[in-house]
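Here are the chains, one letter per residue:
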Amino acid sequence: MSENELLLRTGAGTETTAPASDRPAMPLGPDGLDRYTRRDLRKEEIAIARQFHGGTMWPYAVAAFGCFAVWLSFFPLAIMGMLNLPLAFALSCFFCVGGYVTSHEAMHSNIGRPGSKTRWLNEAVGAVSTIPIVFPFSMARLMHLEHHYHCNDPLKDPDYTDEAPNMWAAWYKTWYNRQPGVDGSIHHYKRILAEMGTPAARRALVETMILQLVFMGTLFTMAWNGYAIEAALIWWLPRHIGLSYIRFFLSWAPHHPREGKTGRYENTNIFKSRVGHILSMGMQYHLVHHLYPGIPNHRTKEAYYALKPILKARGVDVSPL
Amino acid sequence: MAAVLKQVLAWMPFFFGIGFIAPLTAQLMQLWEIPAPFGLSPIAFGLIFGGTWGLIANIRGRWL
């Protein structure tokens with residue numbers, strides 16, 4: 001075909017045009033980014049996150065031991081009739097919730113890394129912090145790390161049973177999962193530990209059984225000696241309230257909706273809490289914790305705002321905060 | 001030993017009803033001056049109430 005014939009052909013030129021100019025030069029991932037952009041963003045993200053690792057951790061230890069000592073003192077004070085029960089009840093609820101925050105740092109070895117001089121402190125903080133909620137540190141750590149490894153996996157994430165369609169259903173589920181015949185919460189954890197079958201898992205199961213028996217033994221002894229109301233207000237009710245509060249803010253709120261959200265930047269949400277930053281235990285920025293568990297809780301807010309442009313570029317919904 | 005402890009834990013809702021709910025009920029009735037029905041003592045009523053509730057929780061697997 002001569003050049004003239006080609007130019008005179010109907011529609012000539014249209015079928016010979018170059019590919020559309022908006023077509024990417026290299027393949028894009030589901031996040032709309034090419035691998036070079038992703039790599040550069042990741043490098044930048046790591047450099048920023050590194051600035052927020054570590055820091056002053058002794059306040060966690062002081063809070064853990066201080067609160068535990070005060071809570072423990074409630075028992076003899078109640079028996080001696082020297083305790084303001086409504087105040088002790090409110091404080092016990094606070095200690096149950098706060099204890100999880102301090103133990104959470106210990107779970108990630110943020111108070112003392114293995115082999116460091118402060119490792120013993122890390123382990124001691126973890127051990128005392130979760131006694132009020134009758135949740136031994138050995139079990140708490142194993143299950144929490146499993147949650148990190150398999151976040152939002154319906155079969156492998158130990159916290160998946162907290163999923164609920166809305167806020168009210170989530171509060172209900174925190175209670176429902178603790179029912180004796182329901183495979184949720186601590187019952188679910190026990191089953192997972194039994195399946196794991198490792199020495200650490202067996203130790204966690206034994207410690208759970210011992211702590212539960214101590215808990216029941218304390219409640220029964222106090223109750224049959226005329227201090228049932230005191231036992232209920234110092235340990236039984238605060239434990240239930242604390243566990244529900246922890247489950248709601250640490251598990252449901254930052255991970256809802258869980259279904260199909262297993263990716264690094266999608267398994268945890270940035271959300272605006274109605275009760276604010278402190279009362280939600282910093283969980284509004286829980287995504288930062290999942291990305292970098294070595295960043296202590298009190299620095300996740302600061303780290304989030306430093307990381308926000310990168311997170312936005314990675315497709316995270318940063319609109320709530 | 002482990003088998004015995006497992007059995008104890010399996011029946012924990014019932015034990016909890018007897019061991020804790022019963023005296024708690026009795027002490028709350030005394031605190032709020034609520035008389036027990038059928039001329040029962042508060043602790044007798046607490047044992048019937050707590051024991052029954054615990055047993056139901058054990059069988060049904062739910063407290064409510």
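Report follows, based on the coordinates. Bear in mind the structure is a predicted one, so any value in this text is a computation, not a measurement.

### Some points on the overall build of chain A
Of the regular secondary structure elements, chain A holds 12 helices and zero strands. N-terminal to C-terminal, the α/β element order of chain A is α-α-α-α-α-α-α-α-α-α-α-α. Against the 2.2 N^0.38 benchmark of 20 Å for 321 residues, chain A shows a C-alpha radius of gyration of 26 Å, more extended than a compact globule. Out of the 321 residues in chain A, the part that is buried amounts to 48%. Within chain A, counting contacts between residues at least 6 apart in sequence, those at least 24 apart form 66% of the total. Between the averaged position of the 31 positive side-chain charges in chain A and that of its 25 negative side-chain charges there is a distance of 7 Å.

### Looking at the packing of aromatic side chains
For the coordinates displayed, the defined rule picks out 28 aromatic pairs over all chains. Ring plane angle 20° and centroid distance 6.2 Å describe the contact between Phe74 of chain A and Phe95 of chain A, whose orientation is recorded as stacked. Of this pair, Phe74 of chain A sits in helix 3 (residues 58-79) while Phe95 of chain A is found in helix 4 (residues 85-107), placing the two residues 21 residues apart along the sequence. Accessibility assignment for this pair places Phe74 of chain A and Phe95 of chain A in one class, buried. Ring centres 6.3 Å apart and planes at 80° place the aromatic pair Trp171 of chain A and Phe249 of chain A in the edge-to-face group. You can see Trp171 of chain A sitting in helix 7 (residues 167-176) and its partner Phe249 of chain A sitting in helix 9 (residues 199-255), a full 78 residues away along the chain. The rings of Phe220 and Trp236 of chain A together with Phe16, Phe20, Phe45, Phe49, Trp53 and Trp63 of chain B are connected pair by pair, giving a single aromatic cluster. Here Arg264 of chain A stacks its cationic end above the ring of Tyr292 of chain A, 5.5 Å away from the centre of that ring.

### Examining helix 3 (residues 42-60) of chain B
In an α-helix there are 3.6 residues to a turn, and that puts residues three or four apart on one side. All names here are of chain B. The end-to-end C-alpha distance of helix 3 is 26 Å, a good match for the 27 Å that 19 residues give at a rise of 1.5 Å each. If you check which residues of helix 3 are buried, you get Gly46, Gly50, Gly51, Gly54, Ala57 and Asn58. Angular distribution of buried residues about the axis of helix 3 spans 130°; they occupy a single face of the element. Here the buried face of helix 3 lies against helix 1 (2-10) and helix 2 (12-31).

Criteria and cut-off values
- Residues numbered from 1 in each chain as written.
- Chains lettered and ligands numbered in written order.
- Predicted model: local features only at pLDDT ≥ 70, side-chain atom pairs only at ≥ 80, totals over all residues.
- Heavy atoms only, no water.
- Helix = DSSP H or I, 4+ residues; strand = E, 2+ residues; numbered from the N terminus.
- Rg over C-alpha atoms; globule rule 2.2 N^0.38 Å.
- Buried < 20%, exposed > 50% of the residue type's maximum accessible area, 1.4 Å probe, protein only.
- Contact = heavy atoms within 4.5 Å.
- Lys, Arg positive; Asp, Glu negative; His and termini not counted.
- Charge placed at Lys NZ, Arg CZ, Asp CG, Glu CD.
- Phe/Tyr/Trp six-rings, centres within 6.5 Å; stacked < 30°, edge-to-face > 60°.
- Lys NZ or Arg CZ within 6 Å of the ring centre and 35° of its normal.
- Expected span 1.5 Å × (residues − 1).
- Arc of directions from axis to C-beta.

Interpretation note: all reported values are geometric properties and have no functional meaning in isolation.
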